[in-house]
Amino acid sequence: MTEVPEPVVDLRSDTLTRPTDGMREAMARAEVGDDVYGEDPTVNALEALAAERLGKASALFVPSGTMGNLISVLAHCGRGDEMILGADAHIFYYEQGGAAGFGGVHPRTLANRADGTLDLAEVEAAIRVDNDHYPVSRLIALENTHNRCGGRVLGVDYMDAAAELAHSRGLRLHVDGARIWNAAVALGVSPARLLAGADSVSACLSKGLSAPVGSVVAGDRDFVRRARRLRKALGGGMRQAGVIAAAGIVALEEMVDRLAEDHTNARRLAEGLAALDGVYLSPTAVETNLVYFDLAEVDAPTLCDALAARGILMSPTGTTGIRAVTHRHVSAADVERTLAAVAETLRAAAA
Ligand SMILES: *Cc1c(COP(=O)(O)O)cnc(C)c1O
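Since the structure is predicted, the reported quantities are computational estimates derived from the model, not experimental observations. (Residues numbered from 1 in each chain as written. Predicted model: local features only at pLDDT ≥ 70, side-chain atom pairs only at ≥ 80, totals over all residues. Heavy atoms only, no water.)

> Sorry if this is basic, but what is going on with the overall build of the protein chain here?
Helix and strand counts for the protein chain come out as 14 helices and 13 strands. Expected size for 351 residues packed as a compact globule is a radius of gyration near 20 Å; at 21 Å, the protein chain falls within 12% of this value. Taking the principal axes of the C-alpha coordinates as reference, the protein chain spans close to 65 × 55 × 35 Å. Each of the 351 residues in the protein chain was classed as buried or not, and the buried ones make up 55%. At a minimum sequence separation of 6, the contacts of the protein chain that also span at least 24 residues come to 74%. Accessible surface, the protein chain as shown: approximately 15300 Å² in total, 50% of it carbon and sulfur. (Helix = DSSP H or I, 4+ residues; strand = E, 2+ residues; numbered from the N terminus. Rg over C-alpha atoms; globule rule 2.2 N^0.38 Å. Buried < 20%, exposed > 50% of the residue type's maximum accessible area, 1.4 Å probe, protein only. Contact = heavy atoms within 4.5 Å. Areas by Shrake-Rupley, 256 points an atom, 1.4 Å probe, with all protein chains shown as cover.)

Structure, rendered in structure tokens:
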């Protein structure tokens, strides 16, 4: 008799989530038009819904989170202007330096604290005064939840204080909110409240929310007008995009509240991992769906390879670090199976 292999538990990323049946049905019956003409009713409906959920006057559908951030930074900053952001920010770390490459925007990085925040006193000190030697400080960019800081959530008071600082000095605040939905669910507040002081936000529909493609950027009408021009220049003007926007509407209407399950599973995974010898992490630092941990005795790629042979996929982040991400296709039972496999693999490596 042939053994039936157990299904894979894929913890590499929440971007792996596939569209729901409801999304596929909505996509099949989506009314469409040419969105570059502003005539796709489904894209228009998604943009109106996203603007409402994010608490902004207007929103724009874009192909990816990277393009959403790039468009936002370029809409706020001209060539040679300075953007203040964390050294661990996705915009700085994982987007090819696009804001500098395409827009000539000068990045000023400050160390992120362990909780994903920037020290606002340091931000204030980094804002340039008027002097012929200096670039013009134009933008502060925060990330919420913060990916490289372990999915940590920046709270309402902090977000408000950052916005107040930016505005008091004539700067704008952009939020890379790829996982803003996770942040809002973890805090028990609306995304609109969390973003009340932000001038712009980029939010992913294609991560935990399970839409197949797309992000939204939101801000005031003037920001979105500039963003729309930039989207076209960057090649992101799409035609009958209602076919994918339809899934984004389902994502916003049906998929936000269930993120709490992903957070519960991540916390259980973190607690189970922390109980294993040779695994280091602080479970209380796991606030959403990202679990980063370190190994003492086995190197991370070796453990990931051994787990992959058992059908469990995680991403090494270096020689000692591993990232595991919970999402809609990871059940509570999958978490227990993962913990058992990690324990056995570590035991085998130690033997
Ligand atoms: C995923 C992600 C992005 C970029 O999104 P893509 O759709 O992959 O381009 C931006 N910021 C953060 C924090 C992310 O996690």
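> Is there a simple way to think about the site of the ligand in this case?
Around the ligand, the structure places 13 residues, and the nearest of them are G65, T66, D176, R179 and K207. Here an oxygen atom of the ligand and a backbone polar atom of G65 are 2.8 Å apart. H90 is positioned with one of its side-chain polar atoms (N or O) 3.4 Å from a nitrogen atom of the ligand. Of the residues forming the shell around the ligand, the biggest block, three residues, is contributed by helix α3 (residues 65–76). Within the shell around the ligand, the residues separate by chemical class into two nonpolar, six polar and five charged. (Near = heavy atom within 4 Å. Polar contact = N/O pair within 3.5 Å; in protein donor to acceptor, adjacent residues only side chain to side chain. Nonpolar A, V, L, I, M, F, W, Y, C, P; charged D, E, K, R; others polar.)

> Before we go on, may I ask you to explain the UniProt feature "modified residue: N6-(pyridoxal phosphate)lysine" (unreviewed entry) in the protein chain in this structure?
The residues that UniProt annotates with the feature "modified residue: N6-(pyridoxal phosphate)lysine" (unreviewed entry) are K207. Filtering out sequence-adjacent residues up to four positions away, K207 remains in contact with D14, T15, T17, A178 and R179. (UniProt positions renumbered as here; feature names shortened; annotations may be inferred.)

> For this particular structure, what's the right way to read the environment of P107?
Among the secondary structure elements, P107 is positioned in strand β4 (residues 106–110). Remark: the alpha-carbon pair of P107 and L139, spanning 32 residues in sequence, is separated by 9.7 Å. Residue contacts for P107: discarding those within four places in its chain leaves M83, L85 and F92.

> What am I meant to see in helix α11 (residues 242–254) here?
An α-helix turns once per 3.6 residues; consequently, residues spaced three or four apart project the same way. Here α11 is 13 residues long and its end C-alpha atoms lie 18 Å apart, about the 18 Å a rise of 1.5 Å per residue gives. Within α11, 10 of the 13 residues are buried, which leaves the element mostly enclosed by the surrounding structure. Regarding α11, the residues found buried are G242, I244, A245, A246, A247, G248, I249, V250, A251 and L252. Elements that come into contact with the buried residues of α11 comprise α1 (21–28), α2 (41–54), β2 (58–62) and α8 (180–187). (Expected span 1.5 Å × (residues − 1).)

> Can you walk me through the state of the cysteines in this structure?
Working definition: the covalent bond between the sulfur atoms of two cysteines is a disulfide. Counting across every chain of the model gives zero disulfides. As a non-bridged cysteine, C149 has C204 as the owner of its nearest cysteine sulfur, 17 Å distant. Residue classification places C149 among the buried residues on the basis of a relative accessible area of 13%. (Disulfide = S-S within 2.5 Å.)

> How should I be thinking about the nonpolar core in this particular structure?
In globular proteins that are soluble, nonpolar side chains generally tend to be buried together. Ranked by internal contacts, the top residues of the largest apolar core, which has 59 residues, are L54, F61, I180, W181 and L209. No other element matches α11, which puts eight residues into this core. Listed in part, the 29 residues of the second largest apolar core include A270, C304, M314 and A343. (Core = buried A, V, L, I, M, F, W, Y, C linked by side-chain atoms within 4.5 Å.)

> Explanation requested: helix α12 (residues 259–274) in the structure shown.
Relative to the 22 Å expected for 16 residues at 1.5 Å per residue, α12 spans 23 Å between its end C-alpha atoms, a close match to the ideal helical length. Residues of α12 that are buried include every one of L259, D262, H263, N265, A266, L269, A270, G272 and L273, and no others. Buried residues belonging to α12 abut α8, β9 (279–280), β10 (290–295), β13 (321–325) and α14 (332–350).

> Help me out: how do you make sense of the pattern of salt bridges in this one?
For side chains of opposite charge, pairing can occur when their charged atoms come near one another. Throughout the structure, instances matching the rule amount to 18 salt bridges. The partner of E82 in a salt bridge is R128, and the shortest N-O contact between them spans 2.8 Å. Note that E82 is positioned in strand β3 (residues 82–86) and R128 in the loop between α6 (120–126) and β5 (137–143), a separation of 46 residues in sequence. Accessibility expressed as a relative area gives 0% for E82, which makes it buried. (Salt bridge = Lys/Arg side-chain N within 4 Å of Asp/Glu carboxyl O.)

> Which parts of the structure should I look at to understand the UniProt feature "domain: Aromatic amino acid beta-eliminating lyase/threonine aldolase" (unreviewed entry) in the protein chain?
With numbering matched to this structure, UniProt assigns "domain: Aromatic amino acid beta-eliminating lyase/threonine aldolase" (unreviewed entry) to residues 10–294. Annotation note: span residues 10–294, helix share 41%, strand share 16%, distance between end C-alpha atoms 19 Å.

> Would you explain the sheet that holds β4 in this entry?
Strand order in this open sheet of seven strands is β2-β8-β7-β6-β5-β3-β4, and the pairing throughout is mixed. Single-partner strands in this sheet number two, and they are β2 and β4. Pairwise comparison of adjacent strand axes, ignoring direction, gives a mean angle of 20° for this sheet. Note: β5 against strand β6 (residues 172–176), five bridges, orientation parallel. Looking at β6, one finds that I140 is bridged to L173. Against the sheet, helix α7 (residues 156–168) engages β5 and β6, with an angle of about 145° to β6. (Pairing = 2+ DSSP bridges. Axes fitted to C-alpha atoms, helices over the stretch in contact; angles between N-to-C directions.)

> What is the right way to read the sheet that holds strand β12 (residues 315–316) from this model?
The strands that make up a sheet pair up through hydrogen bonds in the backbone, lying either parallel or antiparallel. Taken together, the four strands give an open sheet; going across it, the order is β9-β10-β13-β12, and neighbouring strands pair in antiparallel fashion. The sheet is open, and its two borders are formed by β9 and β12, each paired with just one other strand. Direction of pairing for β9 relative to β10: antiparallel, over a ladder of two bridges. Considered in β10, the bridge of V279 is made with L295.

> Looking at this model, I keep getting lost on a nonpolar patch on the surface. Mind explaining?
Together, F92, Y93 and Y94 line one region of the surface with nonpolar side chains, adding up to about 310 Å² of accessible area. Relative to the helices and strands, Y93 is located in helix α4 (residues 90–93). (Patch = residues over 30% accessible without salt bridge, like charges linked within 9 Å, V, L, I, M, F, W, Y side chains within 5 Å.)

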